[in-house]
Amino acid sequence: VDLFTVCEEAGKLSAGEINRLEFPSQYFGSWYFIAAAAAGPGDPSLEAFTSMDNTRFRIQEDLQPNRLLLTARIRANNGSCMPREWIYLVTEGSTDLQTKGRTDRITELFSCTCPDCIILQETDLKVKRLLLYSRSPQLPEACVEDFKKAASCSRLKEILLLPQTQEYCEFQGN
Ligand code: GYM
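Residues numbered from 1 in each chain as written. Predicted model: local features only at pLDDT ≥ 70, side-chain atom pairs only at ≥ 80, totals over all residues. Heavy atoms only, no water.

(A) Representation of the pairing of strand β3 (residues 67-76) within the structure. Among the 10 residues in β3, 10 count as buried, and that is most of the element. Burial of β3 is two-sided: the residues R67, L69, T71, R73 and R75 facing one way and the residues L68, L70, A72, I74 and A76 facing the other way are all buried. Bridge analysis of strand β2 (residues 52-61) against β3 gives nine bridges, and the strand direction is antiparallel. Bridged to F57 within β3 is A72. (Buried < 20%, exposed > 50% of the residue type's maximum accessible area, 1.4 Å probe, protein only. Helix = DSSP H or I, 4+ residues; strand = E, 2+ residues; numbered from the N terminus. Pairing = 2+ DSSP bridges.)

(B) Representation of the site of the ligand. Among the 17 residues in the neighbourhood of the ligand, the closest are listed as F57, I59, L68, E122 and Y133. Within the side chain of E122, a nitrogen or oxygen atom sits 3.4 Å from an oxygen atom of the ligand. Considered on its own, the ligand offers 590 Å² of accessible surface; in the complex 94% of this is hidden by protein. Elements supplying a minimum of two residues to the shell around the ligand: β2, β3, β4 (81-90) and β7 (117-123). (Near = heavy atom within 4 Å. Polar contact = N/O pair within 3.5 Å; in protein donor to acceptor, adjacent residues only side chain to side chain. Areas by Shrake-Rupley, 256 points an atom, 1.4 Å probe, with all protein chains shown as cover.)

(C) Broad picture of the packing of aromatic side chains. One pass over the full model with this rule turns up eight aromatic pairs. Residues F23 and Y27 carry aromatic rings whose centres are separated by 6.1 Å and whose planes lie at 70 degrees to one another, so their mutual orientation is edge-to-face. Taken as a pair, F23 and Y27 share a single burial class, namely buried. On the numbers, 6.4 Å between centres and 40 degrees between planes, the contact of F57 with W86 is tilted. On the criterion of sequence distance, the pair formed by F57 in strand β2 and W86 in strand β4 is long-range, its members being 29 residues apart. Among the residues examined, F57 registers a relative accessible area of 11% and is labelled buried. Following the ring pairs from residue to residue traces out a cluster consisting of F33, F49, F57, W86 and Y133. The residue whose ring lies beneath R58 is F171, and the NZ or CZ to ring-centre distance is 4.5 Å. (Phe/Tyr/Trp six-rings, centres within 6.5 Å; stacked < 30°, edge-to-face > 60°. Lys NZ or Arg CZ within 6 Å of the ring centre and 35° of its normal.)

(D) Expanded view of the pattern of salt bridges. For the coordinates displayed, the defined rule picks out seven salt bridges. A salt bridge links E122 to R105, with the shortest nitrogen-to-oxygen separation between them at 3.7 Å. With E122 in strand β7 and R105 in strand β6 (residues 102-110), this pair connects stretches of sequence that are 17 residues apart. Considered together, E122 and R105 belong to a single accessibility category, that of buried residues. With a relative accessible area of 8%, E122 lands in the buried category. Linked through salt bridges whose partners overlap, the residues forming this network are R102, D104, R105, E122, D124 and R129. (Salt bridge = Lys/Arg side-chain N within 4 Å of Asp/Glu carboxyl O.)

Right, dumping it as structure tokens:
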């Protein structure tokens, strides 16, 4: 099949599987960062990830309503663990997320072809990237291939797979 057909039939980003009734609670808990896609090799969209071996995320309710607390444990290639924290702002009736303190950034959620993964698209003044996350540290190869296809159909052909060669950093209380 030609590229046009692939992008029409399989490569379209869709939010169809996002359950809006349960949103956002179905995403609470732990996630692993699998891959990222951007337009090209020099693209600043992937810069933050090139020194990463792996990253675990945790999403939970914040103390304030309509806010989600996103915490990360980034394992750098040099072995160190870097904790990070963001607040997502949730808008009633939408699955788009805003990041507190980053008013130019919008995060959109898209379905993944496997059950326990999700694709995020982050857009801001400098960045456009697709990000693939999974509930488990590894995803079936076919899902990663579908992610690459979807990225390529969005003209994001530069793919970064997280090496995941080192241990995951711990969360407090795990
Ligand atoms: O700067 C490095 C960092 O890795 C940048 O990444 C991000 O800021 C985005 C991280 C998003 C991780 C979310 C994991 C799974 C998302 C589940 C959907 C959330 C909907 C409530």
